[in-house]
Each structure stands twice: as structure tokens, then as C-alpha cells.
Amino acid sequence: MDKQTIYQHFRSEETSIIDELSSLMTQAATEYRPILTEFLNPREVYIAQMLLNTEPDLKMKTDGLLQGAERRRVLFYPEYYEPNETDFELALIWIKYPLKFATLKHSQILGALTHIGLRRNLIGDIVTDGERWQFVTAASMVNFLKIQVETIGKVRVHLEEITKAEIIIPIDEWQEIQISVSSLRLDTLIAGVYNLSRKHVKDLLNSGKVGLNWMNTEKPDVEVAEHDIVSVRSYGRFRLNALQGVSKKGKIRVEADVLKK
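Residue numbers restart at each chain and count upward from 1, following the sequence in its written direction. Totals for whole chains, interfaces and linings use all residues, but because this is a predicted model, local features are given only for residues with pLDDT of at least 70 and pairs of side-chain atoms are given and counted only at 80 or more. Side-chain measures were taken over the full set of non-hydrogen atoms in the model, leaving aside hydrogen atoms and water.

Visitor: Explain the overall build of the protein chain here, please?
Guide: Numbering of helices and strands runs from the N terminus, with a helix taken as a DSSP run of H or I at least four residues long and a strand as a DSSP run of E at least two residues long. Counting secondary structure elements, the protein chain contains seven helices and 15 strands. Taken along the three principal axes of its C-alpha coordinates, the protein chain extends 55 × 55 × 30 Å. The buried share among the 261 residues of the protein chain stands at 46%. Within the protein chain, contacts between residues at least 6 apart in sequence are counted, and of these 61% link residues at least 24 apart. Only protein chains enter the calculation, and the probe is 1.4 Å; a residue is then buried if its accessible area is under 20% of its type maximum, exposed if over 50%, and partly exposed in between. Whether two residues are in contact is decided by their heavy atoms: any pair within 4.5 Å suffices.

Shown next, in the form of C-alpha cells:
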């Protein structure tokens, strides 16, 4: 399958990630050695899986350290190679802070990490058990983070690298829903998931409050695909899991996971 044919299967704004993943696959194939990506979101992992079909001599494996991790690093490797955990260069960080006197939020933690210049693709999942917070990052970033992150919001914190045995059991904040919609347009799905009017959804899009796979978009008519994640400021985000057919009235039955703000 040539490049132009590959592009036709994906959105135009996904060209850059297609090129990046294709380049890494080519490197793994020509140099005959494993090549590691940064953290990818579920849609990007899906794209990698589709591209892998064009490289018959390569395999891939993913790891995000946490069970059921949403954000994962991908290892492309030749058939002879046997991957192991150390190949993924992952580190687990525990955010220590005075639990009795302060609380933290996911958005505050992500904001603090990106504020110091850490790129989003160097951060894995951020999880909590209701009190404690942990996050996954690239192993090469640990020392930098320990030095740079002293506060999150107005809370003084201390970052400590811990072992996999110390992973907390995170709260499952995702809730599965099933809805019927007239189309897979972005605005239609947002209205259906959050029970909003189309006008309100239009206002959210126009004010830059909607993201598709972590990229802001103002396009109401972009079609959402399986494994896409839609974020809506002040509401949360949802992940399109599966299409379950069409009803007799022509409605598309959709299964999605919703993460409330």
C-alpha cells in the first residue's frame, strides 16, 4: 500500500502522525532493531496498528505500565526480537503532598507538568485512588521532574519514583453509555453524550473548548471514528468504543466511555 492510499484511510490532520510512525517503522525495518515511540493516545495506537499491516517483517507491542493504560508507548521490532519491560523505558512517579490539608485534580497535575515545558507525549496516564496521585512518564524525564516540580496549583509537592509493585488501584472513573445518534459528526455526538443543544455545542466549538484526540478543533462536521477521544472543557471527555449497527429508524447505535469532569 503506497503513502497516498494510506492517507485516504485517515484524516488530513493525522498526516503528521502517519509520517512519524511510518518513519519509525522504516527505521526498525532497515536497521533491524527495536524502535520506541513516545506516549501515544488510543487513536494513534490504532493508526500504528493499521500501518503495521504494510510492514510484514515487523511486529509491535505496547506498554503504559498501568493495567488498562490509555496512553502507551509502542515498540516496533523485527521478528527475531523478544521485547521486555525495560525496552519501554517507563517510570512511575508518586506525587506526595499533605493529604489532610489539600486536594489535587487531574487538570492541575497535567497543567503543572506541561507548564515546565514537558511535552504531552512524554507523559503517560495520571491516576488516583481518591487520595493519592501517581503518573507514568518517560524514564529519561525523572530527574528533570524531581527538580522542576515543587508545587501543583498552590500545593507543595514532592515527586518520588516508585516501583511497579507500588501502583495504586485507580478509581474507574469511566462510565460506559450507549446512545443513538443521527450521524457521527462531532457536534452531533457531543450533543448526544452530554444532552446539549446543537447551539450550545456550536458555541463550545467556536470558543475553542473542544478537542479531538488532544488537538483543538472548531469543525462541527468532522466525523468521529472508533478509538477517538473527544474532550469538552467543563464537561469532561468521552471515548468512542464501538459502533453497534443502525436502528430501524436509521439511528446509529454507539457505545462510548464517558469521563466526567
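So much for the structure itself; the text now carries on.
Visitor: How should the sheet that holds strand 1 (residues 35-40) be read in this particular structure?
Guide: One key point about sheets: their strands pair by backbone hydrogen bonds, in either a parallel or an antiparallel sense. Two strands qualify as a pair provided that DSSP identifies no fewer than 2 bridges between them. Taken in spatial order, the three strands make up an open sheet running 1-3-2, and their pairing is antiparallel. Looking at the sheet topology across the chains shown, the edges are occupied by strand 1 and strand 2 (58-63). Taking the axes of each pair of neighbouring strands and ignoring which way they run, one obtains an average angle of 20 degrees across the sheet. With six bridges connecting them, strand 2 and strand 3 (residues 72-78) associate as antiparallel partners. Each bridged residue has a counterpart across the sheet, and for Met60 the counterpart in strand 3 is Phe76. Against the sheet, helix 2 (residues 15-31) contacts strand 1, strand 2 and strand 3, and its axis sits at roughly 155 degrees relative to strand 1. The angle between two axes is taken between their N-to-C directions and runs from 0 to 180 degrees, where each axis is a line fitted to C-alpha atoms and a helix contributes only its stretch in contact. Sheet contacts for helix 3 (residues 42-52): strand 1, strand 2 and strand 3; angle to strand 2, the most-contacted strand, approximately 165 degrees.

Visitor: Before we go on, may I ask you to explain the side chain of Arg71 in this structure?
Guide: By secondary structure assignment, the location of Arg71 is in the loop between strand 2 and strand 3. Charge assignment: positive for Lys and Arg, negative for Asp and Glu; neither His nor the chain ends contribute. One side-chain nitrogen of Lys or Arg within 4 Å of one carboxyl oxygen of Asp or Glu is enough to make a salt bridge. For the buried Arg71, which has no salt bridge, the nearest side chain bearing the opposite charge is Asp125, at an N-O separation of 5.4 Å. For this analysis, a polar contact is any N or O atom pair within 3.5 Å, provided that within protein one partner can donate a hydrogen and the other can accept it, and provided that sequence-adjacent residues contribute only side-chain to side-chain pairs. Side-chain polar atoms of Arg71 contact the backbone oxygen of Arg120, separated by 3.0 Å. What Arg71 contacts, discounting residues up to four positions off in sequence, is Phe39, Leu40, Asn41, Gly64, Arg120, Asn121, Ile123, Gly124, Asp125 and Trp214.

Visitor: What is the right way to read the environment of Lys61 from this model?
Guide: Inspection of the secondary structure puts Lys61 in strand 2. Placed 16 residues apart in sequence, Lys61 and Val45 show a C-alpha to C-alpha distance of 10.0 Å. When sequence neighbours within four positions are dropped, the list of residues in contact with Lys61 reads Arg73, Val74, Leu75, Tyr77, Pro83 and Phe88.

Visitor: Please explain helix 2 as it appears in this structure.
Guide: At 3.6 residues per turn, the α-helix brings residues three or four places apart onto the same side. Given the number of residues in a helix, its expected span is that number minus one, multiplied by 1.5 Å. The terminal C-alpha atoms of helix 2, which comprises 17 residues, lie 24 Å apart, in line with the 24 Å expected from a rise of 1.5 Å per residue. Positioned one or two residues after helix 2, Tyr32 has a phi angle of 55 degrees, which is positive.

Visitor: What's the story with the pattern of salt bridges in this structure? I'm lost.
Guide: Two side chains of opposite charge can pair, provided their charged atoms sit close to one another. Scanning the entire structure with this criterion turns up 13 salt bridges. Arg43 is the partner of Glu14 in a salt bridge, and the nearest nitrogen-oxygen pair spans 2.8 Å. Taken together, the residues span a long stretch of sequence, with Glu14 in the loop between helix 1 (3-8) and helix 2 and Arg43 in helix 3 at a distance of 29 residues. For the pair formed by Glu14 and Arg43, the shared burial category is buried. In this structure, Asp228 engages Arg43 in a salt bridge whose closest nitrogen and oxygen atoms are separated by 3.4 Å.

Visitor: Looking at this structure, I do not really get the packing of aromatic side chains. What am I missing?
Guide: Geometrically, a pair of aromatic rings is defined through the distance of the ring centres and the angle of the planes. Here is the rule: rings of Phe, Tyr and Trp (six-membered ring for Trp) pair when centre to centre is within 6.5 Å. Planes less than 30 degrees apart are stacked, more than 60 are edge-to-face, and the remainder are tilted. Counted under the stated rule, the structure contains five aromatic pairs. Centroid distance Tyr194 to Tyr235: 5.5 Å. Interplanar angle 45 degrees. Geometry classified as tilted. Residue Tyr194 is located in helix 6 (residues 186-194), and its partner Tyr235 is located in the loop between strand 13 (229-232) and strand 14 (236-246); the two are separated by 41 residues in the primary sequence. Overall, Tyr194 belongs to the buried group, its relative accessible area being 11%. Counting every residue linked through ring pairs, the aromatic cluster contains Tyr32, Tyr77, Tyr80 and Tyr81. For a lysine, the NZ atom is tested; for an arginine, the CZ atom; a charge sits over a ring if that atom is within 6 Å of the ring centre and within 35 degrees of the ring normal. Here Lys96 stacks its cationic end above the ring of Trp94, 4.5 Å away from the centre of that ring.

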